[in-house]
Amino acid sequence: MSVSGDPAASAHLNHAIALAVENVAGGGGPFGAVIVTGDGRVFGGANRVTADNDPTAHAEVVAIRHACAELGTFDLTGSTLYASCEPCPLCVAASLWAHVDAVVYAADRHDADRAGFDDKRFYDHFDGIAPAITITLSAADEPLAPFAAWADNPARTEY
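Basis of the calculations
- Residues numbered from 1 in each chain as written.
- Predicted model: local features only at pLDDT ≥ 70, side-chain atom pairs only at ≥ 80, totals over all residues.
- Heavy atoms only, no water.
- Helix = DSSP H or I, 4+ residues; strand = E, 2+ residues; numbered from the N terminus.
- Expected span 1.5 Å × (residues − 1).
- Buried < 20%, exposed > 50% of the residue type's maximum accessible area, 1.4 Å probe, protein only.
- Arc of directions from axis to C-beta.
- Polar contact = N/O pair within 3.5 Å; in protein donor to acceptor, adjacent residues only side chain to side chain.
- Phe/Tyr/Trp six-rings, centres within 6.5 Å; stacked < 30°, edge-to-face > 60°.
- Lys NZ or Arg CZ within 6 Å of the ring centre and 35° of its normal.

As named in an unreviewed UniProt entry, the protein chain is Nucleoside deaminase, taken from Mycetocola zhadangensis.

Between its terminal C-alpha atoms helix α1 (residues 7-25) stretches 27 Å, which fits the 27 Å expected from 19 residues at 1.5 Å a residue. Inspection of α1 places Ala9, His12, Leu13, Ala16, Leu19, Ala20 and Asn23 among the buried residues, and these make up the whole buried set. Relative to the axis of α1, the buried residues are bounded by an arc of 110 degrees and lie together on one face. In α1, the exposed positions that point more than 90 degrees away from the buried face belong to Pro7, Val21, Glu22 and Ala25. Two or three places before Ala8, at the opening of α1, Asp6 has a side-chain oxygen 3.2 Å from that residue's backbone nitrogen. In the segment just after α1, Gly27 is the residue with positive phi, at about 95 degrees.

This next bit is on the packing of aromatic side chains. Using the criterion set out here, one finds 4 aromatic pairs in the structure. Where Phe31 meets Phe117, the ring centres are 4.9 Å apart and the plane angle is 80 degrees; that geometry is what we call edge-to-face. With Phe31 in the loop between α1 and β1 (32-36) and Phe117 in the loop between α5 (109-114) and α6 (119-127), the pair connects residues that are 86 residues apart, well separated along the chain. Through a chain of ring-to-ring contacts, the aromatic side chains of Phe74, Trp97, Trp150 and Tyr159 assemble into a single cluster. The side chain of Arg109 reaches across the aromatic face of Tyr123, ending 3.6 Å from its centre.

As C-alpha cells, then:
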C-alpha cells in the first residue's frame, strides 16, 4: 500500500515520523507509529525502550497498546499501522496478534541498520540465515496442562 496520492495516509505517515523526531528530542529512540482505526480514530506511540527499560516498548507496540487500552479491545481489525520505519519482526507479530489490516512505513530496515540499529540480525534469524538465539523444543512433565486448563474454563475469552 503506497500513500502516494492519498493525502490522509500521507498525513498519518508524516505524523508517525513527527512522533519519532519528537521522541529523539526527548531522549528516546527514532521511531514513531500511528494506528488509525476503520472509523478514523488515531492513536500514536513512540519508542520507549530506553525510557522504560522495556525491550518490547517499540513505537508500533506502544501505539497498539494505546489503541487497545483506549478502545477496550485486543482486536484492531479494520485499522492501519503507520510507522516511521519498517517494523521489526516483534512489531509485525504484534500487528498480526492485534489483527491490524495493513502496515505502511517510511524508512526501511537498511536505513535502520545504517543508523546503528541491529534489526538485521532479527530478520536474518527469521529468514534462517544466522539464528540470533537458540530455540529448542524440550520435554516437560505436563506440557499440555495450560491448554487443558484453558479448554476446561467456561469463562475464557476467545482470541
